[in-house]
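# Notes for the structure review
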Amino acid sequence: MSNTKMDETGIVVGCVACGQRNRIPFAHLGETGICGKCKDEIPPLSEPIEVESEVQFANLIRDSRLPVLVDFWAAWCGPCRMMAPEYAKAAQSLAGEAVAVKVNSEAVPGLAARYQVGSLPTLALFANGREAARDMGSRPAAAIVSFARSAAQTAKA
């Protein structure tokens, strides 16, 4: 993962052109932003972002206009480690369509408990502030993208 970070109000990304750190509020994820310094375009997120707190997660799923694809994982989980590069590829494919985040179930155990995650890895899609779909097990990028798109379509209906 890069130096892109989440805080309690949005995602902080570095401008590719000048390096300036820019905050994208959760409500504007998926939009093309403009760097505050050089005015270059900041494209939609195309990589998974690590969730570091329950507050960050709650604010993200409440405020994001895009569906939020969540990978619940743990460092000790072999299938989770195997799926990590596939999840990163899926995040690239879903740029502008969904926000891909990762929740380490050991670092933020309250989220795994709140959403009753009993198996790792677990994928969940949140839309309009609530969980719309869930699936368990490691899978290739194409299957992750298919799950996310199908779940997002179902959530819109």
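Refer to the structure presented above.
Scope of this entry: the structure provided in the associated data block. What you see is a predicted model, and the numbers here were worked out from it, not measured in a lab.

## Some remarks on the state of the cysteines
All told, the structure shown has one disulfide when counted by the stated rule. Disulfide partner of Cys-77: Cys-80, at an S-S distance of 2.5 Å. What sets the handedness of the Cys-77 and Cys-80 disulfide is the S-S torsion sign, and at about 75 degrees it is right-handed. Note on accessibility: Cys-77 and Cys-80 belong to one class, buried. In this structure Cys-18 is not part of a disulfide, and its nearest cysteine sulfur, from Cys-35, lies 3.6 Å away. In this structure Cys-38 is a free cysteine whose sulfur lies 3.6 Å from that of Cys-15, the closest cysteine sulfur available. Judged by relative accessible area, Cys-38 falls into the partly exposed class, the value being 33%.

## Observations concerning the sheet that holds strand S7 (residues 68-73)
Either a parallel or an antiparallel arrangement is found when strands of a sheet pair, and the pairing is made through backbone hydrogen bonds. Reading across the sheet, the five strands line up as S6-S8-S7-S9-S10 and stay open at both edges, with mixed pairing between neighbours. In the strand order of this sheet, the two ends are held by strand S6 (49-51) and strand S10 (130-136), each with one partner. Across the sheet, the mean angle from the axis of one strand to that of its neighbour is 30 degrees, orientation sign disregarded. Here strand S9 (residues 122-127) runs beside S10; their pairing, made up of six bridges, is antiparallel. The partner of Leu-125 across the bridge, within S10, is Ala-133.

## Focus on the sheet that holds strand S3 (residues 21-25)
Read from one edge of the open sheet, three strands run S1-S2-S3, paired in antiparallel fashion. The open sheet has two edge strands with one neighbour each: strand S1 (5-6) and S3. Bridging between S1 and strand S2 (residues 10-14) involves two bridges; their strand directions are antiparallel. Bridge pairing links Lys-5 to Val-12 in S2.

## Observations concerning the pattern of salt bridges
Any two side chains of opposite charge can pair, on the condition that their charged atoms come close. Within the structure shown, the criterion is met by ten salt bridges. For Lys-5, the salt bridge goes to Glu-52, with nearest N and O atoms at 3.9 Å. Residue Lys-5 is located in strand S1, and its partner Glu-52 is located in the loop between S6 and helix H1 (54-63); the two are separated by 47 residues in the primary sequence. Accessibility expressed as a relative area gives 43% for Lys-5, which makes it partly exposed. Glu-52 gets classed as partly exposed once you look at its relative accessible area, which sits at 46%.

## Focus on helix H2 (residues 78-93)
Between its terminal C-alpha atoms H2 stretches 24 Å, which fits the 22 Å expected from 16 residues at 1.5 Å a residue. Most pronounced at Ala-84, the bend in H2 amounts to some 35 degrees, and the proline Pro-85 follows within four residues. All buried positions along H2 are accounted for by Cys-80, Met-83, Tyr-87, Ala-90 and Ala-91. Contacts made by the buried residues of H2 are with S7, strand S8 (99-104), S9 and helix H4 (141-156).

Conventions adopted
Residues numbered from 1 in each chain as written. Predicted model: local features only at pLDDT ≥ 70, side-chain atom pairs only at ≥ 80, totals over all residues. Heavy atoms only, no water. Disulfide = S-S within 2.5 Å. Buried < 20%, exposed > 50% of the residue type's maximum accessible area, 1.4 Å probe, protein only. Pairing = 2+ DSSP bridges. Helix = DSSP H or I, 4+ residues; strand = E, 2+ residues; numbered from the N terminus. Axes fitted to C-alpha atoms, helices over the stretch in contact; angles between N-to-C directions. Salt bridge = Lys/Arg side-chain N within 4 Å of Asp/Glu carboxyl O. Expected span 1.5 Å × (residues − 1). Bend = angle between axes of the 7 residues up to and from the residue. Contact = heavy atoms within 4.5 Å.

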